[in-house]
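Residue-level structural notes
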Amino acid sequence: MATMRATATIVRGEDRQDVAVPPGTTVAGLLAMLHVDASDADLAVALPDGRPAGLGSVIGDDLPSGVLLAVTGVRASAVTADRAVEASGEARFSAAVAATAGVGFSAALGLAAVIAPLVLPDAVPGWARLAAAALALAAAVPLARRRPFASSPGGALVLPGLLGLPFAVVVPPAATGAVPVSLAVALVAAGLAAGVLWLRTGGPQASAAAALWGSVAVLVPVAIMLGAGPALLAPALLAAAVVAVQLAPRYAVAVPEAQLLDLPLVTTSAPTVRAPEVPPPSRVTRRRVAGTIDRATALTDTATLGACALTAPAGLLAAGLADPATLPGQATLATVGVAVVALALAPRTTRSGLVRSAPRVAAALLLAGTAAVLAVRGLVGVPVLAAALALVATAVPLGTVAATAGPASPLLGRLADLAQGLALAALVPGALLSAGLFDVVRELAS
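Since this is a predicted model, take the numbers as computed values, not measurements.

Where helix α11 (residues 286-321) contacts helix α13 (residues 353-377), the axes come no closer than 9 Å and their chain directions differ by 10°. In terms of axis orientation, α11 runs roughly parallel to α13. In this structure, α11 contributes Thr300, Asp301, Thr304, Leu305, Cys308, Thr311, Gly315, Leu316, Ala319, Gly320 and Leu321 to the contact, and α13 contributes Leu354, Val355, Ala358, Pro359, Ala362, Leu366, Gly369, Thr370, Val373, Leu374 and Arg377. Of the residues belonging to the contact of α11 with α13, the class tally is 13 nonpolar, seven polar and two charged.

Listed below in structure tokens is the structure:
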């Protein structure tokens, strides 16, 4: 009875050769048959999945019959890999520059079409407003069609705003309440655009952006219709944004209960007589775990970035309305202060670079912006604020270096946990007090 021979496919550059070898032939023996020097240090033999193939592996035993072996040079492979990395880096840089230019062009035209007529209603003709809005919308649509940009956290958050802003030109600049109505129209259009983008892409970034834009598009127009002023909206939006930063990492991971618990194994009785048979949980694989982690990371990054972006305008608007001479004004300043503390301490236990940096940047901008607003309003002296900011800017890096130079101190971590907990506990009551809701409840109860 004839012994079955093993087969293999050798790929060298553009050459492809199918061979049959006797049983027990190793990779080195096959290379010797093909007059390839296996002792060459520049030689590399790889399997289809990229793993190196051992020269002593037996074809048909250690390696399956019909295996594909790629024979290359190590130096040539390294040069090719470097060129591929360089090309991909250049392509990413070019794409980032093009996306930034498109976003800037669309945002500038949209803002010009909306803000300029409100400031100078008689100087900007109607056709110019409509033309600028149409150009802004035309510049934003190609960005929405670019999948890499639309599926990134920043792109998913920016695109609905670019698509919704031009629709604010439908409000006549000379109409009564043109500013709040224009804001409401733009937010509603942005929320609808976010929903359309989510239905089109279905990615986690788009779903998080749709939830954020949808929430703002519902809350702000409803508050405007009810007559709520900036003194009520600003603290509420600031508190909601800080709470969203805290809760995003906790609720981003969604694992079905049937995946965590074998219900047929632990169920002892059916809830009803005709209850359907509960299927066993699906098998936990590396791919499913990686997909769950990737989706949770995308949701967390997008939600955190969007909430941090909302803290800046809400905090600055709240600081602009604060009055240290009244109790609501003092509560507003306290709300901004605890928001800064909560944002600065939030990303201590996360591994994502964006989630670590975005809240801290938002806290720094909120602190500096509040100080600038208070200085412009003349509530606090400029030298005092400058000295306070310089002290904070010096103390934070020095404290960080001192805390991380040696082993981690449980005491410092516990103090940070207490400070973060107290800030979060005081955030919502401070926002309610600054909005004057306690006074409204007291008047209704009396």
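From this point on, the discussion continues.
This brings us to the pairing of strand β2 (residues 15-21). With seven bridges connecting them, strand β1 (residues 6-12) and β2 associate as antiparallel partners. Note on β2: the bridge partner recorded for valine 11 is arginine 16. Between β1 and the antiparallel strand that follows it, β2, lie two residues; glycine 13 among them carries a positive phi value of about 65°.

Counting residues in hydrophobic clusters, the biggest one holds 31 residues, and the most contacted among them are Leu238, Val242, Leu343 and Leu366. At the level of elements, α7 (204-225), α8 (230-251), α11, α12 (327-345), α13 and α15 (410-434) are the ones that each hand at least two residues to this core. Take this core: its biggest share by element is eight residues, from α8. When near neighbours in sequence (up to four residues on either side) are disregarded, leucine 238 contacts Thr311, Ala314, Gly315, Thr335, Val336, Ala339 and Leu366. Ranked by size, the runner-up nonpolar core spans 18 residues in total, among them Ala8, Ile10, Val19 and Leu63.

The rules behind each value
- Residues numbered from 1 in each chain as written.
- Predicted model: local features only at pLDDT ≥ 70, side-chain atom pairs only at ≥ 80, totals over all residues.
- Heavy atoms only, no water.
- Axes fitted to C-alpha atoms, helices over the stretch in contact; angles between N-to-C directions.
- Helix = DSSP H or I, 4+ residues; strand = E, 2+ residues; numbered from the N terminus.
- Parallel < 35°, antiparallel > 145°, perpendicular 65-115°, else oblique.
- Contact = heavy atoms within 4.5 Å.
- Nonpolar A, V, L, I, M, F, W, Y, C, P; charged D, E, K, R; others polar.
- Pairing = 2+ DSSP bridges.
- Core = buried A, V, L, I, M, F, W, Y, C linked by side-chain atoms within 4.5 Å.
- Buried < 20%, exposed > 50% of the residue type's maximum accessible area, 1.4 Å probe, protein only.

Worth remembering: the numbers are spatial, not functional.
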